[in-house]
Amino acid sequence: MTASVVVTGLGITAPNGLGTKDYWSATRVGKSGIGPLTRFDAAPYPAKLAGEIDGFTAEEHLPSRLMPQTDQVTRLSLVAADWALTDAGVRPADLPAFDMGVITASSAGGFEFSQHELKSLWSKGGEYVSAYQSFAWFYAVNTGQISIRNGMKGPSGVVVTDQAGGLDAVAQARRQIRKGTSLVVAGAVDALLCSWGWVGLHTSGRLSTADDPGRAYLPFDERAAGHVPGEGGALLILESADAARARGARVYGEIAGYAATFDGREPGLRKAIELALADADLVPSDVDVVFADAAAEPELDRIEAETLVEVFGHRGVPVTAPKTMTGRLYAGAAALDLATAFLAMGEGLIPPTVHTDPADRYGLDLVGTEARPAELRTALVLARGHGGFNSAMVVRS
């Protein structure tokens, strides 16, 4: 089936804003959430900056029984799902359980929970390890907890493709909607800001070691020297266009096209873009804005920039990287970019790429530190995962 699949709800948890309203209010004016890491003592580590979510108290949003069994990432995911369902005007209790599914992406699962339990194991013994460790660490835990909390028993799953995961999860949800599932909660939230996770992130060799938040994450800039990690992401409510129309739902837009490749060499990203455009039955000139992957690593930036020039021409389409305000959120990054694309189309405003001074040699029309008004009907969102994952998604207003 090729039924139109639309987004009817957004739930956002990000370093520069909790909830869709606060996030978009900050993003549209270039307000950054990157700063010194405070969750633990980062002094011994090369990287000391992060996009932390401040002001989130899980107990204010979730029942106390969930606290002992959930990691920060799952608590954020549960709240984002609640907000997305409310935004969509959906009460899960009113729908058949097997008509609703959950598909999320994760890069690591509940790392902080695992760190605490393993510390207990090593220092006290196995009898001090929580039984909840058996699932709280797992990649699929967010999908499981969201489905249990909302009584969703339809097709569900988890995607593990690093930073491409947010798009891949939404694409899987689109497939399930086309197969007949009425509603799917999809997207990703990630949270790795604990000392154990921090050590793991350093193994990529791609973290910025700058101390100044204004000079740390600079994609497509001659000074680019790695990215800043962050936590958060977005969950979206997907429905068929016919079902959304029948219940009078507000629609943010359509998931019009998608493609993924697995190839870390230069043709891989371009092929993903070309296939996504073909899936949407569009040509490059139809695209009004590109939300870049924006790795801030010179070789990866070169590949992405050259790919965009090959597809769209020299300065052929506006390009933006609002993740410079949040850090790279791993699996949550692309899902947040996708949500941001819908918000941008709704207002007719391309969000800025803060701090970056784009290098002329890349040939990109990079939207700088000020947002740019524009008529936006179609956006392309790109995401790349470590090891060769490339994903491209086309959305329409």
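Conventions used here
Residues numbered from 1 in each chain as written. Predicted model: local features only at pLDDT ≥ 70, side-chain atom pairs only at ≥ 80, totals over all residues. Heavy atoms only, no water. UniProt positions renumbered as here; feature names shortened; annotations may be inferred. Helix = DSSP H or I, 4+ residues; strand = E, 2+ residues; numbered from the N terminus. Buried < 20%, exposed > 50% of the residue type's maximum accessible area, 1.4 Å probe, protein only. Contact = heavy atoms within 4.5 Å. Axes fitted to C-alpha atoms, helices over the stretch in contact; angles between N-to-C directions. Parallel < 35°, antiparallel > 145°, perpendicular 65-115°, else oblique. Left-handed = near helix turned anticlockwise from the far one by under 90°. Nonpolar A, V, L, I, M, F, W, Y, C, P; charged D, E, K, R; others polar. Phe/Tyr/Trp six-rings, centres within 6.5 Å; stacked < 30°, edge-to-face > 60°. Lys NZ or Arg CZ within 6 Å of the ring centre and 35° of its normal. 1 Å grid on protein atoms, 1.4 Å probe; cavity = no way out; pocket = protein on both sides within 12 Å on 5 of 7 lines; lining within 4 Å. Points joined across faces, edges and corners; volume = space filled by probe spheres on them. Salt bridge = Lys/Arg side-chain N within 4 Å of Asp/Glu carboxyl O. Core = buried A, V, L, I, M, F, W, Y, C linked by side-chain atoms within 4.5 Å.

- For the protein chain, an unreviewed UniProt entry supplies the name Ketosynthase chain-length factor and the organism Streptomyces justiciae.
- Its UniProt record, at the heading Sequence similarities (unreviewed entry), says of the protein chain: "Belongs to the thiolase-like superfamily. Beta-ketoacyl-ACP synthases family."

1. A word on the environment of Val5
Here comes step 1: Mapping Val5 onto the fold places it in strand E1 (residues 5-14).
Here comes step 2: Relative accessible area serves as the criterion here: at 1%, Val5 is assigned to the buried category.
Here comes step 3: The contact partners of Val5, leaving out residues within four places of it in the chain, are Arg174, Ile177, Arg178, Leu238, Glu239, Ser240, Gly253, Glu254 and Ile255.

2. Describing the packing of helix H2 (residues 72-88) against helix H5 (residues 141-150)
Here comes step 1: Relative to each other, H2 and H5 sit at 45°, their axes nearing to 9 Å. As summarised for this structure, H2 and H5 are arranged oblique, according to the angle between their axes. By crossing handedness, the relation of H2 to H5 is classed as right-handed. Along its contact with H2, which presents Val73, Thr74, Ser77, Leu78, Ala81, Asp82 and Leu85, the element H5 presents Val141, Asn142, Gln145, Ile146, Arg149 and Asn150.
Here comes step 2: Of the residues in the contact of H2 with H5, the class split is 6 nonpolar, 5 polar and 2 charged.

3. Considering the packing of aromatic side chains
Here comes step 1: For the coordinates displayed, the defined rule picks out 7 aromatic pairs.
Here comes step 2: Each ring, one from Phe40 and one from Trp198, has its centre 6.2 Å from the other, and the planes form 70°; the classification is edge-to-face. Of this pair, Phe40 sits in the loop between strand E3 (34-36) and strand E4 (49-51) while Trp198 is found in helix H7 (residues 195-202), placing the two residues 158 residues apart along the sequence.
Here comes step 3: A residue is classified by how much of its surface remains accessible, and Phe40, at 16% relative accessible area, is buried.
Here comes step 4: Residue Trp198 is classed as buried on the basis of its relative accessible area of 0%.
Here comes step 5: Where Phe220 meets Tyr362, the ring centres are 6.0 Å apart and the plane angle is 80°; that geometry is what we call edge-to-face. Here Phe220 is found in the loop between H7 and strand E8 (232-240), whereas its partner Tyr362 is found in the loop between strand E12 (349-350) and strand E13 (365-366), with 142 residues between them in sequence.
Here comes step 6: Here a set of aromatic residues connected by ring pairs shows up, and it is made of Phe40, Tyr45 and Trp198.
Here comes step 7: Positioned over the ring face of Tyr362 is Arg361, at 4.5 Å from the centre of the ring.

4. Let's talk about the layout of surface pockets
Here comes step 1: As a volume, the largest pocket reaches approximately 550 Å³.
Here comes step 2: If you list the elements that add at least two residues to the lining of the largest pocket, you get H7, helix H10 (298-312), strand E15 (378-385) and strand E16 (389-396).
Here comes step 3: Ranked by residue count, the leading element in the lining of the largest pocket is H7, at 3 residues.
Here comes step 4: Of the residues assigned to the lining of the largest pocket, the class counts are 10 nonpolar, 14 polar and 7 charged.
Here comes step 5: As for the second largest pocket, its lining consists of Phe56, Ala58, Glu59, Met67, Pro68, Thr70, Asp71, Gln72, Arg75, Glu112 and Phe113.
Here comes step 6: Those elements that place two or more of their residues in the lining of the second largest pocket are H2 and helix H3 (111-123).
Here comes step 7: Its residues assigned to classes, the lining of the second largest pocket shows 5 nonpolar, 2 polar and 4 charged.

5. Quick look at the pattern of salt bridges
Here comes step 1: Under the criterion given, the structure shown has 22 salt bridges.
Here comes step 2: Residue Glu347 pairs with Arg28 through a salt bridge whose shortest N-O separation is 2.4 Å. Residue Glu347 is found in helix H11 (residues 331-347), and its partner Arg28 is found in the loop between helix H1 (20-27) and E3; the two are separated by 319 residues along the sequence.
Here comes step 3: The class for Arg28 is partly exposed, based on a relative accessible area of 30%.
Here comes step 4: The partner of Arg39 in a salt bridge is Glu52, with the nearest N and O atoms 3.8 Å apart.

6. Some thoughts on H5
Here comes step 1: With 7 of its 10 residues buried, H5 lies for the most part within the structure.
Here comes step 2: Those residues of H5 that are buried are in contact with H2, strand E5 (100-105), helix H4 (133-136), strand E6 (157-159), strand E7 (183-190) and E8.
Here comes step 3: Positive phi shows up at Gly151, right after H5, with a value of about 65°.

7. Here we look at the nonpolar core
Here comes step 1: Residues Leu238, Ile255, Leu338, Phe342, Met393 and Val395 are the most contacted members of the largest nonpolar core, which totals 50 residues.
Here comes step 2: The dominant element in this core, judged by the number of residues it contributes, is H11, at 12 residues.
Here comes step 3: Contacts of Met393, omitting those with residues within four sequence positions, involve Leu167, Val170, Ala171, Ile255, Gly257, Tyr258, Leu338, Ala379, Leu380 and Val381.
Here comes step 4: Of all hydrophobic cores here, the second largest spans 36 residues; its members include Ala276, Leu277, Ala292 and Val317.

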